[in-house]
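# What the coordinates show
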Amino acid sequence: SGLGDAMASGGGIKGPGGPWLGAGRMGPKRAINLKQFGGSQETERAVLAALRWLKANQQPDGSWPLRNDAGTALGVLCFLGHGENADSPEFGQTVQKALEKLAKAVPPSGDVTGAMYEQGLVTLALSEGFMLTSSPMLRDPLERTTQVILKAQKVPKTNPIHTGGWHYSPAAPTADTSVSGWVFMGLKSAKSAGLEVPAEHMELAAQYFWNAYHPNGGFGYSGPGLGGAMTPVGVLCQQFLGNGKDKRIEKCLDNMRKETMVWETGDGAAMYRWYYMTLAMFQGGTQNWTYWNKLMRDALLKNQKEDGHWDLPPKSGEGQHTGQGGLGSKVYSTTLATLMLEVYYRYLPIYQLIDKPTAPSAPTAPGTASKG
C-alpha cells in the first residue's frame, strides 16, 4: 500500500504522544483562532491564493525547486500549517506527493543531504506530517533524520560556547544560531510527534542559545551579538524551550518592538528575519503581538502578487541563495510569507492566556500549547 493509503487511514491529528494540541489549525478552531489573534478574511484569502500558487508550481515528483529538499519541506509545511492533509479535497494530492517525496529523500543513514539546514527543515516537515496523519511510512524516515540531529549535537566543539548547537554539516566542530534554529525546531517537533528525544538534548540546546545571548538584549550568530536576524531565532527557540518569561527574553522582545517591516527597505535576510520575528512576537504576549501583527499583516497583504506568490523584497540579499527572480526565489519568499500569515493558528501560544502565563510542567513543543 502506498503512502497515500497509509495517510488516508492514519486518522486525524492524534500523534502517538497523545492529542496534538496544535489542532488549532484544523476546521472551525482555525477560524476561532484567526479572529482571536488578529487575522482576518483578507489574510485567509491571501493564504489560500498562496497555497493555490504553490499547488500550481509543484513539480511532477512532488517537490518545489529550492536547494535540495528545503523547498519541498517549506512547501508542504504551508499546507500542513493550514490543516491540510491527504484527505483534503483541494490540496490532498499536493500534500501526499510532497510527503512521499520527503520520505523517499531520506537515505538509510538519515543524513538528508549532508547539510543541516535541510536536515532541520525535512525533520520539521516530516514531524508535522506525521502528527497530522500518524502514517507509519513517515515515522521511519523521521526517526532516521532525528537520530542524525541528536548525534550531530554531540560532536565535540572546538569552542565551548558552541556546545549543544549545530552547524552546516553533521560532523562540524562549530555551531551557529541560524542553522541551530531550524534544526532545533525540527527536533522539538519530532519530540512533539512522539519520538524519543532525551531531555539532555533540550538542555544542551537551551545552553547553546544562552551562550549566544548578549546582555543588552539580543542573540548573535556564533556568540553573543545584537540585532539582525539571530535575535528572533534565539528568542523563539528559548520560548519553545519553556523560557519565554525569562527576563533576558523579555529584554530581547523590548528591543524587537523597535523593529519595522518595510518591504521596500527590507535588506539582509529580510524574509528570514521577518519569519522568525512573526513567530517570536506571537509567542511574546499581547503588547508585542499587537505591535508586530499590524506591520506584518499590512506589508504582506500589500505586496502579494495577483497570482498568489510573493517576490523577495527588492533589497533582500536572499536571492543569492535562492536564485534571484527564478522559481526557487519565489518559492522561498512565498512559503515564508504564507507561514507568517498562518501564525494565528499554526502554533498556538505556549502561554494560552498570553499575558497571564501559567508555567508549563515541561518545555512545550512547536505545534502544541500548554495545558495550563
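Residues numbered from 1 in each chain as written. Predicted model: local features only at pLDDT ≥ 70, side-chain atom pairs only at ≥ 80, totals over all residues. Heavy atoms only, no water.

Looking now at the packing of aromatic side chains. This structure, assessed with the given rule, holds 18 aromatic pairs. Ring geometry for Phe282 against Trp289: centres 5.1 Å apart, planes inclined by 80°, an arrangement best described as edge-to-face. Here the two residues Phe282 and Trp289 agree in accessibility, since each one is buried. Put simply, the rings of Phe37, Phe282, Trp289 and Tyr344 pair up and form one aromatic cluster. (Phe/Tyr/Trp six-rings, centres within 6.5 Å; stacked < 30°, edge-to-face > 60°. Buried < 20%, exposed > 50% of the residue type's maximum accessible area, 1.4 Å probe, protein only.)

For the rest of this paragraph, the subject is the packing of helix α10 (residues 230–243) against helix α11 (residues 247–256). Axis separation between α10 and α11 bottoms out at 10 Å; the angle between their running directions is 145°. The way α10 lies across α11 gives a crossing that is left-handed. The residues of α11 that touch α10, namely those facing Thr231, Pro232, Val235, Gln238, Gln239 and Asn243, are Ile249, Cys252, Leu253 and Met256. By residue class, the composition of the contact of α10 with α11 is six nonpolar, four polar and no charged. (Axes fitted to C-alpha atoms, helices over the stretch in contact; angles between N-to-C directions. Helix = DSSP H or I, 4+ residues; strand = E, 2+ residues; numbered from the N terminus. Left-handed = near helix turned anticlockwise from the far one by under 90°. Contact = heavy atoms within 4.5 Å. Nonpolar A, V, L, I, M, F, W, Y, C, P; charged D, E, K, R; others polar.)

To continue, consider the packing of helix α3 (residues 41–56) against helix α15 (residues 327–341). Orientation of α3 relative to α15, taken along the N-to-C sense of each, is 150°, at an axis distance of 10 Å. Taken as axis vectors, α3 and α15 run roughly antiparallel relative to one another. Both α3 and α15 take part in a crossing whose hand is left-handed. Here α3 contributes Thr43, Ala46, Val47, Ala50, Leu51, Trp53 and Leu54 to the contact with α15, which in turn contributes Leu327, Lys330, Val331, Thr334, Thr335, Thr338 and Leu341. (Parallel < 35°, antiparallel > 145°, perpendicular 65-115°, else oblique.)

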